[in-house]
Amino acid sequence: MNGIHDLGGMHGFGPVDPEPNEPVFHHEWERRAFALNLATGFLGRWNIDMGRYAREHMPPAEYLATTYYEHWLYGLERLLVEKGLVTANELATMRQNGRAQGLRAIAVEDVPMMLRNRRAARMGDRLAPPRFKAGDRVRTKNLHPTGHTRLPRYARDKIGVVDRDHGVFILPDEHAKSGTKVPAHCYAVRFEGPELWGPHAGPRDAVYVDCFEPYLEPAP
Amino acid sequence: MNGIHDLGGMHGFGPVDPEPNEPVFHHEWERRAFALNLATGFLGRWNIDMGRYAREHMPPAEYLATTYYEHWLYGLERLLVEKGLVTANELATMRQNGRAQGLRAIAVEDVPMMLRNRRAARMGDRLAPPRFKAGDRVRTKNLHPTGHTRLPRYARDKIGVVDRDHGVFILPDEHAKSGTKVPAHCYAVRFEGPELWGPHAGPRDAVYVDCFEPYLEPAP
Amino acid sequence: MSEHHHDHDHDHEHDDRPGPHGAPLSDVQLRVRALESLLVDKGLVDPKALDTLIDTYETKVGPRNGARVVAKAWLDPAFKQRLLADSTAAIAELGYIGRQGEDMVVLENTPKVHNVVVCTLCSCYPWPVLGLPPVWYKSGPYRARTVIDPRGVLREFGVDLADDVEVRVWDSTAELRYLVLPERPVGTEGMTEEQLADFVTRDSMIGVARVNPPRR
Amino acid sequence: MSEHHHDHDHDHEHDDRPGPHGAPLSDVQLRVRALESLLVDKGLVDPKALDTLIDTYETKVGPRNGARVVAKAWLDPAFKQRLLADSTAAIAELGYIGRQGEDMVVLENTPKVHNVVVCTLCSCYPWPVLGLPPVWYKSGPYRARTVIDPRGVLREFGVDLADDVEVRVWDSTAELRYLVLPERPVGTEGMTEEQLADFVTRDSMIGVARVNPPRR
């Protein structure tokens, strides 16, 4: 979706404001919101792309006015109801109407394994032959789906060169929608600054965007 | 600037929500904010493009969380200080440190003439020969200035057809920056939906964008 | 989690006004009041001129003007021709001129072409013929969606277009101001200009509605 | 006009906690607490597991891990070669594996090429080597500006690049996680891996800073 989360290339946000000696968490609720997201994520009822897509639905004004872990909290509440772990009524009242069926909370002793788990978005490279290789000129498609996508608006309908083929990964677009794991080569594509930003870009600036194969077509 | 005001094509804003029997103003402060903008604008210390550019500087989170006349109020306060009608200290304290010099408030009897005035953004058509004519294929440039511009992001680097030449108008980009009136032909350019939005667009949807000549180049 | 700082309440207007029984003044009310005082004290604005400006756009200039233009175009083919050829001059014949209407373009809806107007970058709108824009026209949803999903927006307004009808969205990115000339509904034969103007809604002249036939 | 609804205060942390002398709990604090209770009551989470998760990322996993990777690469050419050829495997040699680091790519800075990492769409970040991201990395300004004005952003962090240095911005739009291998500063000859790691800052591994030479 062309959501408010897609911030690349916007002006008007002011300076970056690093905080010296920043703590990992600023508030106790941030700790808990972080851990609740991980612990419920481990239950396996949604995947990381569904998680991102849920956060992207936060109303735009609210998204910009809130902090990172508030985005996480919004997404978590949305997913809990959407995936049936909690009813809308339970969320509204914050009182349970019955214990969860068929799910077991992650225990302390499960945590190390969960965090070490290497099962991720990568799929077998032999599941799909690559359409492109390093050095190929490609054009990103002009896609504006209402669903989840990982091609930022600033990098659509632009010509770049494949820097490398990362191998085969789960295509996020379909994964967010149905959970189906569609294999797709993912390429780092190099875009020259002027291609993305016109005459205002530095001539020696380049942006690398990781692009899934369905986002790309050959460029002459 | 690629500001938060450039909303065309975004998802996630929810439905349009018309209010039945909507009044012209909802609050007394809206009336006053509206009229203050017009009355101070008539003083001639800034032009309409400076006015728009001032509003575009509202911090993005605040822009989305506030209503139209709050945008106007933000822009007015900014311009009053920027153009020296009010000092930053006067604005902070809301107390005057001296009456304005060399400016006379618009009086009741001036209002009808001010509102009827036809002096606007149009300039003499002979000030610039047209580079394009109806039927010409054009490509919008991929411009991302930090200054004011009236070419929306969704219509950059896209091919369209000139529908009509509106004649010569003041180029807003330079007008917002320096006040200089650069004459430029302004064309209604028709873009087919799929050119702007890819396969998600309706095949019989088209968007017309008024494009100043410096935004355009010939397309093959 | 979702309240905003600014109150967008739909309270009755008298809540705005100071007084022993009124609700407390909001931040923005206080701020505008203080700013007006400052500008008056500095000699930059005259409160009576403000009153006149407000009165003009609250009670004198509004969509009734545009409705008269439309009604006349429906009745008078020569006027309609002038209106489509030089919209600004034809509209000026009725006396509707001025700010945010200096350069007008009239767009004719037909059974096969539906025009709709938006301003994605701010909220440009033809004041002399339609007055000041409604909140929804200035809102994020309308500005964001009309260019990318015009049929979806139109459906929310109750306009369901057949697939073979072309939609033309006009994004008011420059100083041209657009007015839609809606289709004349059936059942209005023999009506006077004044009677016809009564049927023409603001929304139909923005292009988000059709003009409904009169009820029998 | 510019306060937000949500408090972004920099109060001391104990203000978060309940107690007779603490500040009132904010909406979001109350909400998270209520949500945790609900999920515990439903048997969906175990509070002790939450404690373990928090402790892991607050005290055990952090930029010290990445610093060791960098220091080792500076000292051991064979490791550096493996690190650039198969970053995930080389980093795993040091035991740094797991969530948000499953597929790593190391980018080498040189006198002529400066790499910097951003995630414009959310805030992807290589947890096993850098821990959780700082607020600025997750903020609007960094996400918006780094791709369009990388030199401006770098200048704000104190990195002023010559015109002939190429800037490569890596937008983490997929499941690859990027770690910058900064240039080894002069004056570090003869240092041990441990000593070198002390110089390597988190910011240098994101690419927004250089590693400063040791003070004499």
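Residues numbered from 1 in each chain as written. Chains lettered and ligands numbered in written order. Predicted model: local features only at pLDDT ≥ 70, side-chain atom pairs only at ≥ 80, totals over all residues. Heavy atoms only, no water.

**Some words on the state of the cysteines**
Selection criterion: Note on terminology: pairs of cysteine sulfur atoms within 2.5 Å are recorded as disulfides.
Under the defined criterion, the tally for this structure stands at zero disulfides over all chains. Looking at the unpaired Cys119 of chain C, the closest cysteine sulfur is the one in Cys122 of chain C, lying at 3.6 Å. Considering cysteine sulfurs only, Cys124 of chain D is the nearest to Cys122 of chain D, which forms no disulfide, with 3.6 Å between them.

**Remarks on the packing of helix α1 (residues 28-41) of chain B against helix α1 (residues 27-41) of chain C**
Rules: For helices, the fitted line uses only the C-alpha atoms of the stretch in contact; every axis is such a line through C-alpha atoms, and the angle between N-to-C directions lies from 0 to 180 degrees. The secondary structure listing takes helices from DSSP runs of H or I that are at least 4 residues long and strands from runs of E that are at least 2 residues long, numbered from the N terminus. Here a crossing is called left-handed whenever its near helix is offset anticlockwise from the far helix by less than a right angle, and right-handed whenever the offset is clockwise. By definition in these notes, contact holds between two residues if any of their heavy atoms fall within 4.5 Å. Three classes are used: nonpolar for Ala, Val, Leu, Ile, Met, Phe, Trp, Tyr, Cys and Pro, charged for Asp, Glu, Lys and Arg, and polar for all others, with Gly counted as polar.
Relative orientation of the contacting elements α1 of chain B and α1 of chain C amounts to 35°, with a least axis distance of 9 Å. In this structure, α1 of chain B crosses over α1 of chain C, and the sense of that crossing is left-handed. Contact with α1 of chain B, carried on its side by Trp29, Arg32, Ala33, Leu36 and Thr40 of chain B, involves Val28, Gln29, Val32, Leu35, Glu36 and Leu39 of chain C of α1 of chain C and no other residues of that element. Here the residues of the contact of α1 of chain B with α1 of chain C sort into seven nonpolar, two polar and two charged.

**Details of the confidence of the model for chain C**
Residues and elements named next belong to chain C. Stated precisely, the cut-off is as follows: Values of pLDDT, the confidence the predictor places in each residue, fall between 0 and 100.
Scored by pLDDT, chain C has a mean of 90; 88% of the residues are at 70 or more. This stretch, residues 1-22, has a pLDDT under 50; its non-local contacts, to residues over four places away or in other chains, come to 45 contacts. Per the prediction output, this complex has pTM 0.93; the corresponding ipTM is 0.94.

**Here we look at the interface of chain C and chain B**
What counts here: What qualifies as a polar contact is a pair of N or O atoms within 3.5 Å, subject to a donor-acceptor requirement within protein and to the restriction that residues adjacent in sequence count only when both atoms come from side chains. Note on pairing: two strands pair once DSSP finds at least 2 bridges between them.
Contacts between chain C and chain B engage 85 residues on the former and 93 residues on the latter. The interface formed by chain C and chain B holds 35 residue pairs in polar contact (both at pLDDT 80 or more) in total. Secondary structure elements with two or more residues in the side of chain C that touches chain B: α1, α2 (47-60), β1 (104-108), α7 (135-138), α8 (140-145), α9 (150-156), β3 (166-171) and β4 (177-181) of chain C. Taken together, the residues of the side of chain C that touches chain B break down into 43 nonpolar, 15 polar and 27 charged. Note: strand β4 (residues 205-212) of chain B against β3 of chain C, five bridges, orientation parallel. Across the sheet, the residue bridging to Asp205 of chain B is Val167 of chain C, located in β3 of chain C.

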